[in-house]
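# Structural description and commentary
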Amino acid sequence: MIGSSVVLRTRPWIVLCLSGFLGLLSVGTPAAVAADCPGHPDALGTSRTLVVDPREHPRIGTMQYRETLPLKDHEVVLTFDDGPLPKYSNQILKMLDDECIKATFFIIGQQAKANPEGVRKLIAAGHTVGTHSMNHPLTFDRMPVEKYEPEINGGIEWTSAAMTDPSKQLAPFFRIPGLMRAEGVENYLISRGIQVWSADFPADDWRHVSSDRVYQLAMQRLEAKGKGILLLHDIQPRTVAALPKIIRDLKARGYRIVHVVPATADRPATPTTAVEWLLHPPTETTPIARWPSVPTFVFTQTRTMPAPSPADLNAQTEHQVLLPHRTKGQLNLASTLPTPGRDLYTIPEGSIEVLLSTTLSRRAATRLAMASEAPRAAKGKSGSIKTGKSPAARTAHAAPVAPKHAADANGTAPRNAASKSASPKTAAARPTRVASLKKRAQ
Ligand SMILES: [Zn+2]
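Nothing here was measured: the structure is a model prediction, and the numbers come from that model. (Residues numbered from 1 in each chain as written. Predicted model: local features only at pLDDT ≥ 70, side-chain atom pairs only at ≥ 80, totals over all residues.)

Right, let's talk about the overall build of the chain for a bit. When you go through the chain residue by residue, the secondary structure sums to 19 helices and ten strands. When each of the 442 residues of the chain is scored for burial, the buried share is 34%. Restricting to contacts in the chain with at least 6 residues of sequence separation, those with at least 24 account for 78%. (Helix = DSSP H or I, 4+ residues; strand = E, 2+ residues; numbered from the N terminus. Buried ≥ 20, exposed ≤ 12 C-beta atoms within 10 Å, placed from the backbone. Contact = placed C-beta atoms within 7 Å.)

Right, let's talk about helix α4 (residues 86-98) for a bit. Taking 1.5 Å of rise per residue, 13 residues should cover 18 Å, and α4 covers 18 Å from first to last C-alpha, within 8% of that figure. Buried residues along α4 sit against β3 (75-81), α6 (116-124) and α11 (237-252). In the stretch just after α4, C100 is the one whose phi turns positive, near 55°. (Expected span 1.5 Å × (residues − 1).)

A word on the nonpolar core. Generally speaking, soluble globular proteins have nonpolar side chains that are buried together. If you look at the biggest cluster of nonpolar residues, it comprises 67 residues, and the most contacted ones within it are V76, V77, L78, V129, A218 and L230. Per-element tally for this core: the top contributor is α11, with six residues. Leave out the neighbours within four places in its chain, and L78 touches I101, A103, L230, L232 and I257. (Core = buried A, V, L, I, M, F, W, Y, C linked by C-beta atoms within 7 Å.)

Take unusual backbone geometry next. For residues besides glycine, phi is generally negative; the peptide bonds are generally trans as well. The linkage connecting G83 with the following residue, P84, adopts the cis geometry, with an omega of 0°. Within the element layout of this structure, P84 appears in the loop between β3 and α4. The backbone of H74 sits at a positive phi, close to 70°, despite the residue not being glycine. Note on H74: 14 C-beta atoms within 10 Å, which makes it partly exposed.

Our next topic: the confidence of the model for the chain. Averaged over all residues, the pLDDT of the chain equals 74, while 56% of them reach at least 70. In the model, residues 350-359 has pLDDT below 50 throughout and makes seven contacts with residues more than four positions away in sequence or in other chains. Across residues 376-442, confidence stays below pLDDT 50; counting only partners more than four residues off in sequence or on other chains, it has 80 contacts. (pLDDT = per-residue confidence, 0-100.)

Here the focus is the packing of helix α7 (residues 145-161) against helix α9 (residues 183-191). Across the interface, α7 lies against α9 with an axial gap of 11 Å and an inter-helix angle of 45°. Here α9 runs oblique to α7, going by the angle between their axes. Along this stretch, α7 crosses α9, giving a crossing that reads as right-handed. Where α7 abuts α9, its residues V145, Y148, E149 and I152 lie against G184, V185, Y188 and L189. (Axes fitted to C-alpha atoms, helices over the stretch in contact; angles between N-to-C directions. Parallel < 35°, antiparallel > 145°, perpendicular 65-115°, else oblique. Left-handed = near helix turned anticlockwise from the far one by under 90°.)

β3 sits mainly inside the fold: six of its seven residues count as buried. Of the strand pairs in this sheet, β3 and strand β10 (residues 256-262) are connected by two bridges, and their pairing is parallel. For E75, the partnering residue across the bridge sits in β10 and is R256. Sheet topology places β3 next to strand β9 (residues 228-233); six bridges connect them, and they run parallel. Residue V77 lies in a different strand from β9, and its bridge partner there is I229. Where β3 lies against strand β4 (residues 104-107), three bridges are found, and the strand directions are parallel. By the bridge assignment, D81 is partnered in β4 with F106. Each parallel crossover has a hand, and the one from β3 via α4 to β4 is right-handed. (Pairing = 2+ DSSP bridges. Right-handed = clockwise from strand over helix to strand, strands pointing away.)

Attention now moves to the environment of P237. In this fold, P237 is placed in helix α11. Classification of P237 by C-beta neighbours within 10 Å gives exposed; the count is 12. C-alpha of P237 to C-alpha of S211: the two residues are 26 residues apart in sequence and 8.1 Å apart in space.

What follows is the structure, encoded as structure tokens:
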């Protein structure tokens, strides 16, 4: 096995099996393909064969890479990993045969070693066969070259060993187990002319979900992208159960199956343009695609320009004091509030009744309020702190209210907002506060 692997490395990758080859070259409509599916007039069929050159597009699958296969809208490529496992792989193979669908299988070396007949069946049925490592370790993203190289080569050797002519039957396609990609692994594969296959969407059939869920995810994700490479596993019973429903739905929704094969000396790659390898190529409706590239400016002169100073922005200190970044603690400092202390608004028990009394004239009420205010203002801010709890609590919200903003006196405005509008100018208009108090007392 080791000796043959050395030979394999130097060989060019060529044709798959001849059985499917002639039919693959023609691109037909689904109806035409179905007619070519003996005994299955309603078969989904394979609409066309896409020949790809791994060296031109070494990484594919939008789950991880920028590029994917150049599929048209409603075209699907089916891929199956981790087999062959006779119990389930044979059932998958039968379903695909019955529908004349050609798919791509990524073989594990250990499976090929245990079941070489399974690999031969795939080849005989005309499917594309790539590899998927020797032991399926989920550590490719952190393996040193001494470990991933034998993993890759072991899978290729044992899969090749099951074939009669691996140089023609084995496709230079590799899918990293668990999609645990790593730059070194990809570069190694690419240096050998092997195409790295990710996928466009999985159906989570390796998870503990129902076959219905697998079917739903496959279709939902396909519908979301409109086309692409579907990743499935031919070793799972739920995949076996889901596949007939997937095929039925693909048919009902007008999807077409595309078979992918590698280019060879005798079989040139299908002509494509670069943008076709993008899942959603830029269109006329994508304006950014038509924007000119950013010109290269000369910045040497701008380096000497001085940075703007606050003066350039007409910034004033007093305005900065009122910026909203001040903390609540700062707002509570009495020194920042040029208005009189809070006890200014503390009305002795009974005063409100006096103020509201209809027997007292408005002028008399004002005079009374002014008289009671004078001695309190003289006490200063320290006096306000000692004010009795009960009346202070009742009037606390009124303290920072500016007369200009009479509406705030109803207590609905946030305290901070009201505080910001306080200024020495507004503090002078005291009679209005009495009016505010009247309002609150109601
Ligand atoms: Zn796998």
